[in-house]
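Residues per chain are reported as follows:
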Amino acid sequence: MALLEIVTYPNPVLETPGEPVTSFDEGLKRLIADMFETMDAASGVGLAAPQVGVSRRLFVMDCSGGRDPEQRVALINPEVLSVEGEQNGDEGCLSFPGVFFPVKRSLRAVVRAQNVEGETFELDGMDLTARCMLHETDHCDGIVFIDHTTVLKREMVKRKMRKLARMAKM
Ligand code: NI
């Protein structure tokens, strides 16, 4: 396994819709194992392939933060089937280090996806699990969480991220 580099905004891969996954091979298994390791090392609860520079529709998630092996799951080609209710709470993203703000999401989400063997399954999640599945499915579609806030807040975050990117190059 290997740690992957997490790309940060404004890297264009984050705003590019990912390609559907069509081959469920050893390369995919390795990518998923590496994504889990990268997510754990960054203390994240979710990580999508575009965030490691791979423009594909898949993400890994563990909303228990490593405490419950059953919550450790990879969702490949995720599709949101239905949503219900509303929650409002602070959200962050590994591609926006240090940026947190309240984002309204559905309280419950049912997502259909494929597992690493290509088998279809459905995941019905509430609260943080719903929030995470919606945030990560957005990543697979080239949507970032600042797209869910006001224009003013979005511009503020964009300026901050561009400044950080410039400083990193110095
Ligand atoms: Ni994110």
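Enquirer: Before we move on, can you summarise the overall build of the chain with the specific residues and values?
Expert: The secondary structure content of the chain amounts to 3 helices and 7 strands. Counting from the amino terminus, helix and strand elements in the chain follow one another as α-β-β-β-β-β-β-β-α-α. For the chain, the spread of C-alpha atoms along the principal axes amounts to about 45 × 40 × 30 Å. Expressed as a percentage of its 170 residues, the buried residues of the chain come to 43%. Pairs at least 24 residues apart make up 64% of the contacts formed inside the chain by residues separated by at least 6 positions. Of the roughly 8900 Å² that the chain leaves accessible, carbon and sulfur atoms contribute 52%. Between the mean site of the 20 positive side-chain charges and the mean site of the 26 negative ones, the chain shows a separation of 10 Å.

Enquirer: Could you give me a rundown of the sheet that holds strand 7 (residues 120-126), with the residues and numbers involved?
Expert: Sheet architecture is open: 5 strands sit in the order 1-2-3-6-7, paired in antiparallel fashion. Each having just a single partner strand, strand 1 (46-48) and strand 7 make up the two edges of the open sheet. In this sheet, neighbouring strand axes are inclined to one another by 40 degrees on average, regardless of whether the strands run parallel or antiparallel. Pairing of strand 2 (residues 58-61) with strand 3 (residues 73-84), which is carried by 4 bridges, proceeds in the antiparallel orientation. Bridged to Met-61 within strand 3 is Val-73. In the packing of helix 1 (residues 26-41) onto the sheet, the strands contacted are strand 1, strand 2 and strand 3, and the crossing angle to strand 2 comes to about 45 degrees.

Enquirer: I'd like a rundown of the packing of aromatic side chains, residues and numbers included.
Expert: Within this structure, the stated rule accounts for 3 aromatic pairs. With 5.0 Å between their ring centres and 20 degrees between their planes, Tyr-9 and Phe-96 make a pair best called stacked. Of this pair, Tyr-9 sits in the segment before helix 1 while Phe-96 sits in the loop between strand 4 (87-91) and strand 5 (101-105), and the two are 87 residues apart along the sequence. The residues Tyr-9 and Phe-96 share a single accessibility class, namely buried. When the ring of Phe-96 is compared with that of Phe-145, the centres are 5.1 Å apart and the planes differ by 65 degrees; the resulting orientation is edge-to-face. Residue Phe-96 is found in the loop between strand 4 and strand 5, and its partner Phe-145 is found in the loop between helix 2 (127-140) and helix 3 (151-169); the two are separated by 49 residues along the sequence. Residue Phe-96 is classed as buried on the basis of its relative accessible area of 1%. Taken together, Tyr-9, Phe-96, Phe-101 and Phe-145 form an aromatic cluster joined through their ring pairs.

Enquirer: Help me get a handle on a nonpolar patch on the surface, residues and values and all.
Expert: On the surface, Leu-164, Met-167 and Met-170 cluster together into a nonpolar patch covering about 360 Å² of accessible area. Note that Leu-164 resides in helix 3.

Enquirer: Before we move on, can you summarise the environment of Val-110 with the specific residues and values?
Expert: As for its position among the elements, Val-110 is in strand 6 (residues 108-114). Once residues within four sequence positions are removed from consideration, Val-110 is found in contact with Glu-79, Val-80, Leu-81, Ser-82, Glu-122, Leu-123 and Asp-124.

Enquirer: How would you sum up helix 1? Please name residues and give values.
Expert: Here helix 1 spans 23 Å end to end across 16 residues, near enough to the 22 Å set by a 1.5 Å rise per residue. Among all positions of helix 1, only Leu-28, Leu-31, Ile-32, Asp-34, Met-35, Phe-36, Thr-38 and Met-39 are buried. Directly beyond the C-terminal end of helix 1, a positive phi value near 55 degrees is found at Ser-43.

Enquirer: Please give an account of unusual backbone geometry that cites residues and values.
Expert: Negative phi characterises most residues that are not glycine, and trans characterises most peptide bonds. Between Tyr-9 and the following residue, Pro-10, the backbone shows a cis peptide bond with an omega angle of 10 degrees. Counting through the fold element by element, Pro-10 comes out in the segment before helix 1. With a phi close to 55 degrees, Ser-43 is a non-glycine residue in the positive phi region. In this structure Ser-43 comes out as exposed when scored by relative accessible area, which is 66%. Within the chain, Asp-127 stands out as a residue other than glycine whose phi angle is a positive 50 degrees. Its place among the elements puts Asp-127 in helix 2. Residue classification places Asp-127 among the partly exposed residues on the basis of a relative accessible area of 41%.

Thresholds, definitions, all that
Residues numbered from 1 in each chain as written. Predicted model: local features only at pLDDT ≥ 70, side-chain atom pairs only at ≥ 80, totals over all residues. Heavy atoms only, no water. Helix = DSSP H or I, 4+ residues; strand = E, 2+ residues; numbered from the N terminus. Buried < 20%, exposed > 50% of the residue type's maximum accessible area, 1.4 Å probe, protein only. Contact = heavy atoms within 4.5 Å. Areas by Shrake-Rupley, 256 points an atom, 1.4 Å probe, with all protein chains shown as cover. Lys, Arg positive; Asp, Glu negative; His and termini not counted. Charge placed at Lys NZ, Arg CZ, Asp CG, Glu CD. Pairing = 2+ DSSP bridges. Axes fitted to C-alpha atoms, helices over the stretch in contact; angles between N-to-C directions. Phe/Tyr/Trp six-rings, centres within 6.5 Å; stacked < 30°, edge-to-face > 60°. Patch = residues over 30% accessible without salt bridge, like charges linked within 9 Å, V, L, I, M, F, W, Y side chains within 5 Å. Salt bridge = Lys/Arg side-chain N within 4 Å of Asp/Glu carboxyl O. Expected span 1.5 Å × (residues − 1).

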